Amino acid sequence: MQIQYAYGGGRTKRTRRRQHGFLGLGIIILVVAMVIGFVVLLSESKGDGSVVLTSNDIEKDLTTTSEPVETEVRKLPPKLDFQELAEQWVKTASGRSSVYIYDLDYDMSIAAVNENTSYSTASLYKLFPVYEGYKRVYDGTWKATDTLVAGRTIGECLDAAIRSSDSTCGEALWNKINRYELDKIIKDEWEITNSRISSLTSNPVDIAKMLKRYWFHPDFDSETLLTIMDSMLNQPPVNNGLCDGPCVWRQGLPAGLSGDNVLVYDKVGWEHSATSASWNLYHDAAFVVSGDHHLIVVVMTADINSFNEIANFGTQLREALQN
């Protein structure tokens, strides 16, 4: 019995030593794994080219800094109110006029005069098929390099329809989408309810809604938006036979508004009277960036004597923005 007891006790001791050995080895493996994991995590955070989007939509590349990423909240500029200015201009304009100004920073209207009055769109209609065209290129439905009309590609026409208000390109894009299908998209998908582009009718509020959709671009990326904004900003005169001499696209709002610290990204639409010096239609739809302010300005007119009246309104806006 004593021998059996002595043997059993030795076996118990050996078993306990074996258990202690396994436990120690497990702890060592766990510690090593944690150290390796920490090193891998640290190396990835510094060297994998990750990009973090901060709260003010600034992309911060983690490969360029080891400092913590801090989100920044953009301070809103002072509130603007251009209602009185717009009312006064409409009173003195020579023809039928409407103004709608939307503050993108505060997501609100800051001037609205006859804003729901319907007009023939003239070339402002191009804003609608161009947006849908860029959307289809971005999602792969269309290829920008495919020929569309007159030897020009879809990509070239998307640019020309805005930059030089090219009607051949605008109509080709419109027809490729199908104008009645575009009406349905505008109403059902974009929730722009008082425009019928198939019959070329819209109003300042709906044009502003279309521009707002461009600005926030839920259907394509920021690089696409930058391409569009360049088409709206850099618009040299074009001698295309449609005007007496070159067509000067930026003679209205951009002529009055543009200046130091003010950028005007514009689409114009007009119809000049064949029998007089007046304009049957003259419309300007623009993004205006002035310092920290980001606005949409839409002016639509009929039977106005001169585009200089619209340029003068632009000058008044610029002066108000800079005061």
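It should be noted that the structure appears before, not after, this text.
First, a word on scope: everything that follows refers to the structure included in this document. (Residues numbered from 1 in each chain as written. Predicted model: local features only at pLDDT ≥ 70, side-chain atom pairs only at ≥ 80, totals over all residues. Heavy atoms only, no water.)

**Quick notes on the packing of helix 3 (residues 127-139) against helix 7 (residues 204-216)**
In contact at an axis separation of 11 Å, helix 3 and helix 7 are set at 25° when each is read in the N-to-C sense. The angle between helix 3 and helix 7 places the two elements in the roughly parallel class. Read as a crossing pair, helix 3 and helix 7 show a hand that is left-handed. Contact residues: Leu-127, Phe-128, Val-130 and Tyr-131 in helix 3; Ile-207, Met-210, Leu-211, Arg-213 and Tyr-214 in helix 7. Here the residues of the contact of helix 3 with helix 7 are counted per class, giving 8 nonpolar, no polar and 1 charged. (Axes fitted to C-alpha atoms, helices over the stretch in contact; angles between N-to-C directions. Helix = DSSP H or I, 4+ residues; strand = E, 2+ residues; numbered from the N terminus. Parallel < 35°, antiparallel > 145°, perpendicular 65-115°, else oblique. Left-handed = near helix turned anticlockwise from the far one by under 90°. Contact = heavy atoms within 4.5 Å. Nonpolar A, V, L, I, M, F, W, Y, C, P; charged D, E, K, R; others polar.)

**Considering the packing of helix 3 against helix 5 (residues 167-177)**
For any two helices packed against each other, one specifies the crossing angle of their axes together with the interaxial distance. Following both chains from N to C, one finds helix 3 and helix 5 inclined at 65°, their axes separated by 9 Å at the closest point. Two packed elements cross with a definite hand, and for helix 3 against helix 5 that hand is left-handed. The residues of helix 5 that touch helix 3, namely those facing Pro-129, Val-130, Glu-132, Gly-133 and Arg-136, are Leu-173, Trp-174 and Ile-177. Considered class by class, the residues forming the contact of helix 3 with helix 5 number 5 nonpolar, 1 polar and 2 charged.

**Considerations on the packing of aromatic side chains**
In this structure the tally under the stated criterion is 14 aromatic pairs. Look at Trp-215 and Phe-287: their rings are 5.2 Å apart centre to centre, the planes differ by 40°, and that puts the pair in the tilted class. Of this pair, Trp-215 sits in helix 7 while Phe-287 is found in strand 10 (residues 279-290), placing the two residues 72 residues apart along the sequence. An aromatic cluster is built from Tyr-131, Tyr-134, Trp-190, Tyr-214 and Phe-220, whose rings are joined through pairwise contacts. One residue, Lys-176, lies across the ring of Trp-142, its end atom 5.2 Å from the ring centre. Just above the ring of Trp-174 sits the side chain of Arg-179; from NZ or CZ to the centre is 3.7 Å. (Phe/Tyr/Trp six-rings, centres within 6.5 Å; stacked < 30°, edge-to-face > 60°. Lys NZ or Arg CZ within 6 Å of the ring centre and 35° of its normal.)

**Digging into the state of the cysteines**
Here the structure, examined in full by the defined rule, presents 2 disulfides. The residue that forms a disulfide with Cys-157 is Cys-169, at a sulfur-sulfur distance of 2.1 Å. Its torsion about the S-S bond being -60°, the disulfide of Cys-157 and Cys-169 is classed as left-handed. One end of the pair, Cys-157, is in helix 4 (residues 154-163); the other, Cys-169, is in helix 5, and 12 residues separate them in sequence. (Disulfide = S-S within 2.5 Å.)

**Examining the environment of Phe-307**
Summarising the element assignment, Phe-307 is placed in the loop between strand 11 (293-304) and helix 10 (308-322). Residue class for Phe-307 comes out partly exposed when judged on its relative accessible area of 21%. Sequence-wise, Phe-307 and Gln-251 are 56 residues apart; in three dimensions their C-alpha atoms are separated by 7.0 Å. Not counting chain neighbours up to four residues away, the residues in contact with Phe-307 comprise Gln-251, Gly-252, Trp-279 and Tyr-282. (Buried < 20%, exposed > 50% of the residue type's maximum accessible area, 1.4 Å probe, protein only.)

**Here we look at helix 5**
Residues of helix 5 that are buried include every one of Cys-169, Gly-170, Ala-172, Leu-173, Trp-174 and Ile-177, and no others. Among the structural elements, helix 3, strand 6 (147-149), strand 7 (152-153), helix 4 and helix 6 (179-189) are those in contact with the buried residues of helix 5. Capping of helix 5 at its N-terminal end is provided by Asp-166; its side-chain oxygen lies 3.2 Å from the backbone amide nitrogen of Thr-168. Within two residues after helix 5, Asn-178 carries a phi angle of roughly 90°, on the positive side. (Polar contact = N/O pair within 3.5 Å; in protein donor to acceptor, adjacent residues only side chain to side chain.)

**Thoughts on the nonpolar core**
Counting residues in each nonpolar core, the largest one holds 49 residues, and the members touching the most others are Leu-127, Phe-128, Trp-190, Leu-211, Tyr-214 and Phe-287. Phe-128 has contacts with Leu-182, Ile-186, Trp-190, Ile-192, Ser-195, Ile-197, Ser-202, Ile-207 and Met-210, leaving out every residue within four places of it along the chain. Ranked by size, the runner-up nonpolar core spans 33 residues in total, among them Ala-86, Trp-249, Leu-253 and Val-299. (Core = buried A, V, L, I, M, F, W, Y, C linked by side-chain atoms within 4.5 Å.)

**Some thoughts on the pattern of salt bridges**
Following the criterion strictly, the structure yields 8 salt bridges and no others. Across the pair Lys-135 and Asp-139 runs a salt bridge, and its minimum N-O distance is 3.9 Å. Of the two residues, Lys-135 and Asp-139 both sit in helix 3, 4 residues apart, roughly one turn of that helix. A relative accessible area of 16% places Lys-135 in the buried class. The shortest N-O distance in the salt bridge between Asp-230 and Arg-163 comes to 2.9 Å. Taken as a pair, Asp-230 in helix 8 (residues 222-233) and Arg-163 in helix 4 lie far apart in primary sequence, 67 residues in all. Note on Asp-230: relative accessible area 33%, which makes it partly exposed. What you see here is one network of salt bridges that share partners, running through Asp-159, Arg-163 and Asp-230. (Salt bridge = Lys/Arg side-chain N within 4 Å of Asp/Glu carboxyl O.)

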